[in-house]
Amino acid sequence: MPDIVVIGGGAAGLMAGITAAEQGASVVVLERMKEPGKKMMITGKGRCNITNACPISEFVPNLPGNGKFLFSALQQFTNEDLLRFFQERGLETVTERGGRVFPASGKAKDVIAVLTKALQKAGGRLVTGVQATGFVWKPGKISGVRYRSVENDGRREGQDFRSLTRGKLKLGAEHTLDADAVIVCTGGASYPGTGSDGNFVPALTNLGLALEPLLPALVPLEPEEGFTEELEGLSLKNVEATVLADGKPVAKEFGELQFIRGGIAGPICLTMSRKVARLQHFNQCELELSIDLKPALSEEKLDARIMRDIQEFSKSTLAEIVRKLLPGPLVAPVLDAAFLDGKKPVSQVSKEERAELIKAVKHFTIPLIGTRPLSEAIVTAGGVALKEIDPRTMKAKRLAGLYFAGEVMDVDGYTGGFNLQAAFSSGYVAGISAAKNILKR
Ligand SMILES: Cc1cc2nc3c(=O)[nH]c(=O)nc-3n(C[C@H](O)[C@H](O)[C@H](O)COP(=O)(O)OP(=O)(O)OC[C@H]3O[C@@H](n4cnc5c(N)ncnc54)[C@H](O)[C@@H]3O)c2cc1C
């Protein structure tokens with residue numbers, strides 16, 4: 001019987017397994033997929049943005065989903081500690097724009113290889129193709145996990161695992177594995193093809209644990225149908241976008257956005273998506289995205305600029321003047337928003353019509369359904385409610401022998417390496433505290 005079972009072989013689970021095993025505990029990490037770290041493989045476009053090089057004090061503000069909860073974990077295992085961890089194990093890193101840290105090889109698989117090797121070296125075992133389905137427990141105490149091997153993937157690993165379970169393993173059938181402690185690192189529910197799909201949520205609620213609803217964070221926004229189809233493929237730089245809820249501004253960002261099929265993506269939309277998803281879920285309000293297409297120009301300056309163009313190109317149509325101001329695909333939608341006829345000769349455009357045009361350029365408004373679905377999100381907001389967890393140890397407050405780490409908890413951050421550092425720091429703390437708790441007995 002192992003001392004500790006870690007459920008989930010992602011960033012948090014592998015780190016928890018390593019630190020627990022390095023403390024001297026016997027550790028088994030269960031991963032349902034054929035290989036560990038499937039989600040890590042797709043982070044940073046396959047390059048794995050392992051952390052951010054900013055001062056550790058800047059991590060909490062970059063974790064808008066309850067970053068404060070991780071304050072202690074981030075102090076116990078900082079981004080510098082993480083980089084030292086990788087460097088000592090032969091993984092060189094590079095720091096790029098915005099402090100984003102990547103492996104120098106540019107390959108996520110090298111990060112995963114270091115983690116799996118470190119687990120093995122510390123004496124921990126990784127068993128893939130095995131899915132945890134629940135707990136062995138009695139009131140107040142966790143004493144193991146229930147699991148089943150997953151189809152054919154279980155066969156290869158089953159050979160290995162069978163010895164551990166004294167020949168009990170049968171493909172597809174449910175078994176139990178006793179342990180002194182269980183660390184749950186099953187991740188969120190986005191990009192379900194990576195193995196993190198929320199399958200373990202029922203097991204957690206069956207224990208009586210409080211969970212916050214799983215919602216998308218860092219996901220494109222979803223416009224109402226018929227509003228952005230003609231803009232698909234268009235990227236806008238240096239614009240200011242505001243999310244309006246029942247006409248009131250609730251979030252504002254300056255930067256870059258992109259119109260994609262069925263959505264509006266790009267850094268500023270991803271950043272605001274967390275708020276939009278919550279409004280969509282909790283409040284039945286009308287949502288809109290208002291884009292200032294010329295934030296550097298006040299309405300007066302924009303009017304002066306349009307007047308100059310009208311005087312210089314007095315034989316043009318209104319559409320030709322607007323084209324000098326905006327990218328081609330935006331001309332017709334902006335004129336439509338202003339109820340103006342693009343074919344009209346500019347010599348006939350009135351002051352009132354110019355005012356309507358300026359309003360449409362400064363407040364180009366798109367009605368939103370909300371965000372794209374959770375399956376398309378980079379991060380999941382929600383998860384195990386933080387009131388259930390001690391932030392200094394990652395230990396469940398109401399159940400002995402139970403720990404959490406990573407995205408399964410109600411914590412989420414911005415892009416830039418903050419989510420992986422959150423997973424590594426909480427995994428580190430959960431592994432150490434679970435092992436210390438067992439070994440001191
Ligand atoms: C497209 C994309 C890009 C991203 N880019 C970045 C980035 O550049 N930087 C960054 O910091 N973050 C990034 N993230 C977020 C980051 O990948 C996650 O926050 C991080 O992987 C969370 O780590 P975790 O260990 O908690 O969960 P995961 O990495 O999701 O690992 C959970 C593991 O548990 C396994 N599992 C689930 N249920 C069970 C079960 N019942 N039994 C056994 N195993 C189970 C899963 O198969 C999975 O391997 C990105 C995410 C996506 C989707």
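Residues numbered from 1 in each chain as written. Predicted model: local features only at pLDDT ≥ 70, side-chain atom pairs only at ≥ 80, totals over all residues. Heavy atoms only, no water.

Read across the open sheet, the 3 strands follow the order S7-S8-S9; overall the sheet is antiparallel. At either margin of the open sheet sits one strand with a lone partner, and together these are strand S7 (130-138) and strand S9 (174-178). In this sheet, neighbouring strand axes are inclined to one another by 30 degrees on average, regardless of whether the strands run parallel or antiparallel. Where strand S8 (residues 141-149) meets S9, 5 bridges bridge the pair, whose relative direction is antiparallel. Bridge pairing in S9 places glycine 144 opposite aspartate 178. (Pairing = 2+ DSSP bridges. Helix = DSSP H or I, 4+ residues; strand = E, 2+ residues; numbered from the N terminus. Axes fitted to C-alpha atoms, helices over the stretch in contact; angles between N-to-C directions.)

A separate point is the domain arrangement of the protein. Partitioning the protein into domains gives domain 1 (4-215 + 379-439) and domain 2 (220-372). Every contact between the two is made by 7 residues of domain 1 and, on the other side, 6 residues of domain 2. At the boundary of domain 1 with domain 2, total buried surface from both sides reaches about 550 Å², with 69% on carbon and sulfur atoms. Scanning the region where domain 1 abuts domain 2 turns up 1 salt bridge. Of the charged contacts, one joins arginine 274 and aspartate 412 as a salt bridge, the two residues approaching to 2.7 Å between their closest N and O atoms. Between domain 1 and domain 2 we count 1 residue pair in polar contact (both at pLDDT 80 or more) in total. (Domains from an automatic or database assignment. Contact = heavy atoms within 4.5 Å. Buried area = accessible area lost by both parts, 1.4 Å probe. Salt bridge = Lys/Arg side-chain N within 4 Å of Asp/Glu carboxyl O. Polar contact = N/O pair within 3.5 Å; in protein donor to acceptor, adjacent residues only side chain to side chain.)

Now for the site of the ligand. The environment of the ligand is formed by 35 residues, the closest being Glu31, Ser196, Asn199, Glu407 and Leu420. In the environment of the ligand, an oxygen atom lies 2.6 Å from a nitrogen or oxygen atom belonging to the side chain of serine 196. Here glycine 417 contributes a backbone N or O atom positioned 3.5 Å from an oxygen atom of the ligand. Here the ligand loses 96% of its free accessible area of 1,000 Å² to cover by the protein chains. Secondary-structure elements contributing two or more residues to the shell around the ligand are helix H1 (11-22), strand S2 (27-31), helix H2 (38-42), S7 and helix H13 (418-439). Tallying contributions element by element places H13 first for the shell around the ligand, with 4 residues. Residue classes in the shell around the ligand are distributed as 15 nonpolar, 16 polar and 4 charged. (Near = heavy atom within 4 Å. Areas by Shrake-Rupley, 256 points an atom, 1.4 Å probe, with all protein chains shown as cover. Nonpolar A, V, L, I, M, F, W, Y, C, P; charged D, E, K, R; others polar.)

Following both chains from N to C, one finds helix H9 (residues 299-312) and helix H12 (residues 351-362) inclined at 120 degrees, their axes separated by 10 Å at the closest point. Overall, the two elements H9 and H12 adopt an arrangement that is oblique. Crossing angle aside, the handedness with which H9 passes H12 is right-handed. On H12, the residues touching Glu299, Leu302, Asp303, Ile306, Met307 and Ile310 of H9 are Arg354, Leu357, Ile358, Val361 and Lys362. Taken together, the residues that form the contact of H9 with H12 break down as 7 nonpolar, no polar and 4 charged. (Parallel < 35°, antiparallel > 145°, perpendicular 65-115°, else oblique. Left-handed = near helix turned anticlockwise from the far one by under 90°.)

Structurally, valine 243 is set in strand S13 (residues 235-245). Relative accessible area serves as the criterion here: at 1%, valine 243 is assigned to the buried category. Sequence-wise, valine 243 and glutamate 253 are 10 residues apart; in three dimensions their C-alpha atoms are separated by 9.0 Å. (Buried < 20%, exposed > 50% of the residue type's maximum accessible area, 1.4 Å probe, protein only.)

In the Ramachandran plot, lysine 45 falls in the positive-phi region, its phi being about 55 degrees despite a non-glycine side chain. Counting through the fold element by element, lysine 45 comes out in the loop between H2 and strand S3 (51-52). Even without a glycine there, the phi angle at leucine 218 is positive, about 55 degrees. Counting through the fold element by element, leucine 218 comes out in the loop between strand S11 (211-217) and strand S12 (221-223).

Further remarks concern the side chain of serine 273. Within the fold, serine 273 resides in helix H8 (residues 267-282). For serine 273, a relative accessible area of 0% gives the class buried. Only 2.6 Å separates the side chain of serine 273 from the backbone oxygen of leucine 270, close enough to count as a polar contact. Apart from the residues within four sequence positions on either side, serine 273 is in contact with Pro216, Ala217, Leu218, Val219, Leu221 and Thr371.

Here the focus is the pattern of salt bridges. Going through the model one piece at a time under the given rule, you end up with 17 salt bridges. Residues arginine 305 and aspartate 309 are paired through a salt bridge, measuring 3.4 Å at the closest nitrogen-oxygen approach. You can see arginine 305 and its partner aspartate 309 sitting in helix H9, 4 residues apart, about one turn around the helix. Given the relative accessible area of 22%, arginine 305 is considered partly exposed. Ionic pairing is found between arginine 392 and aspartate 390, a salt bridge with its closest N-O pair at 3.2 Å. The buried category is assigned to aspartate 390, whose relative accessible area is 16%. Look at the salt bridges and you will find they share partners, linking Glu22, Glu88 and Arg89 into a network.

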